[in-house]
Amino acid sequence: MRRQRPNKVTVGRLFHFRGVCAAATALEILIFPCALLHADPVTVFTGARLIDGTGQPPIENGTLVIDGDRIVAAGKIDPAPFAAKSGARLVQCGGETIMPSLISDHSHLGVVKGDNISAANFTPENIQAALEQYEGYGVTAVLSLGMNKDSLYTLRDQQRAGQFAGADIFTADRGLGAVSAAPPQAIGPDQVDRPATPEEARKMVREMAARHPDMIKCWVDDLFGKAPKMPPEIYGAIIDEAHKNGLRVAAHIFYLEDTKALLRDGLDVVAHSVRDKPVDQEFLDLMKARHAAYIATLDLDESQFSYAGHPQWMESAAFRAAASPALLGKWLSPEYAWRMGKNPMTPLNRKALAQGLQNIKSVHDAGILVGFGTDSGAMPTRLPGWAEQRELQLMVEAGLTPMDAIVCATRNAAQVLGDGKNRGTLEPGKRADFLLLAANPLDDIGNTTRLVAIYHGGKRIEPAFHFSP
Ligand SMILES: [Zn+2]
């Protein structure tokens, strides 16, 4: 059911030349279905339910006006003056919903290809394919939170110059892990720095800062007791040096006490759920005092075991389009179910998910900034695009309202990304990054998979799958 995409390299070039080369535009019209072409100067979407990402109640029969890659007006406004402008296009939205597109604050690029993890997967082609998959699921910006080769900066530059399609790249550089420990992925030595001393950690952070990352990442975890943890003097040095260089730090964590210690040292972003025990008042107070953000990555914990149980959503077109036939065959096999049933990690992962679900509710209720991320792309089980769709559903299962979950995945996620002024809500001046949905996600959060179209920088993108009617 996957849509046909035109040649990826060609798309990048045509986008690059659009507006400056009439011949390219004419060629484009010959080659592409019209759905892919719209970057018209002014487009007026009217008759839509607007969920603007700020948490305000939805606006029924609202209007959204975009000019090129920007939003110029949104709300209960008269579309006529905008539609009257020369060259303006009017789109009648018969009751469809428009909401900001999703933003992942915790994903990884170039780590996984199909069912394997390898340093060899960090190629422009593999990264491009993942970015297009994210975009086709409604995720228009992705923070690759560590394990990146330095070549990602080149791709980020090329993308900003219009030469590379898909979700917008943000990067946390290589990240800083523990020696012979987390992160455990089989990646290259040029994809993660593993400082042995605080001095070495400071030097590595300074080298990263010189490459201009969007965040610094560190790993503080013993992987269920199987590996040594990064010592406090090293993460203390990382946080201090990052702050001296004007950069925020996100930490992979599992345990409550580690997270509190990191927060006391000035941590900015908690990049996973606290999963060993319920968060307590001291934790909530530290988060508030630091103005720290929390990313739950619930799909990470669920996907460690859930496929073996063949839940109903594995039948959906949205899930099927994200999983390769080989992976799907493996997950649906009786052998996989048998193996997962015997795996001593399965009960631990189930418990971790249950604790994560409880904790995101406590953190959100306390008024702490909750962003959005899944750890998609770090393991073959964490499917780009689908993981983010499923994360919204899990946040609602945790007790957040659909509106809360949407605000986390849009406005809050943009803020965590450090780009809140530029994206995340349907407000004048912001990027024209939004979803056109056939049904209201406030009635059922699963309706965010009912994608009619994705608009990314004002350009219409076809969904990666056709939802079932
Ligand atoms: Zn991660």
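This report concerns the structure included in the present document. Keep in mind that this is a model prediction, so the values were computed, not measured.

Thresholds, definitions, all that
Residues numbered from 1 in each chain as written. Predicted model: local features only at pLDDT ≥ 70, side-chain atom pairs only at ≥ 80, totals over all residues. Heavy atoms only, no water. Pairing = 2+ DSSP bridges. Helix = DSSP H or I, 4+ residues; strand = E, 2+ residues; numbered from the N terminus. Donors = N, O, S within 2.8 Å, 3.2 Å for Na, K, Ca; no water. Buried < 20%, exposed > 50% of the residue type's maximum accessible area, 1.4 Å probe, protein only.

Right, let's get into the pairing of strand β2 (residues 59–67). The sheet contact formed by strand β1 (residues 42–50) and β2 spans seven bridges and is antiparallel. Each residue of the ladder has a partner; that of threonine 43, found in β2, is isoleucine 66. The pairing of β2 with strand β3 (residues 70–75) spans five bridges and is antiparallel. The residue bridging leucine 64 from the neighbouring strand is alanine 74, located in β3.

Within the protein, His106 (NE2), His108 (NE2) and Asp375 (OD) serve as the donor atoms for the zinc ion, at 2.0 to 2.1 Å. Along the chain, the residues that donate to the zinc ion are spaced as H-x1-H-x266-D. Highlighted residues: histidine 108 in the loop between β6 (102–107) and β7 (112–113) and aspartate 375 in the loop between β15 (369–370) and α15 (386–397), separated in sequence by 267 residues. Take aspartate 375: its relative accessible area is 6%, and that puts it in the buried class.

So, about unusual backbone geometry. Residue proline 183 is reached from alanine 182 by a cis peptide bond, and omega for that bond is 0 degrees. Here proline 183 lies in the loop between β10 (168–171) and α6 (198–210). The backbone phi angle of histidine 212 is positive, close to 65 degrees, even though this residue is not glycine. Position of histidine 212 relative to the elements: it lies in the loop between α6 and β11 (216–219). Assessed through its relative accessible area of 55%, histidine 212 is described here as exposed.

No statement about biological role is implied by the geometric values presented.
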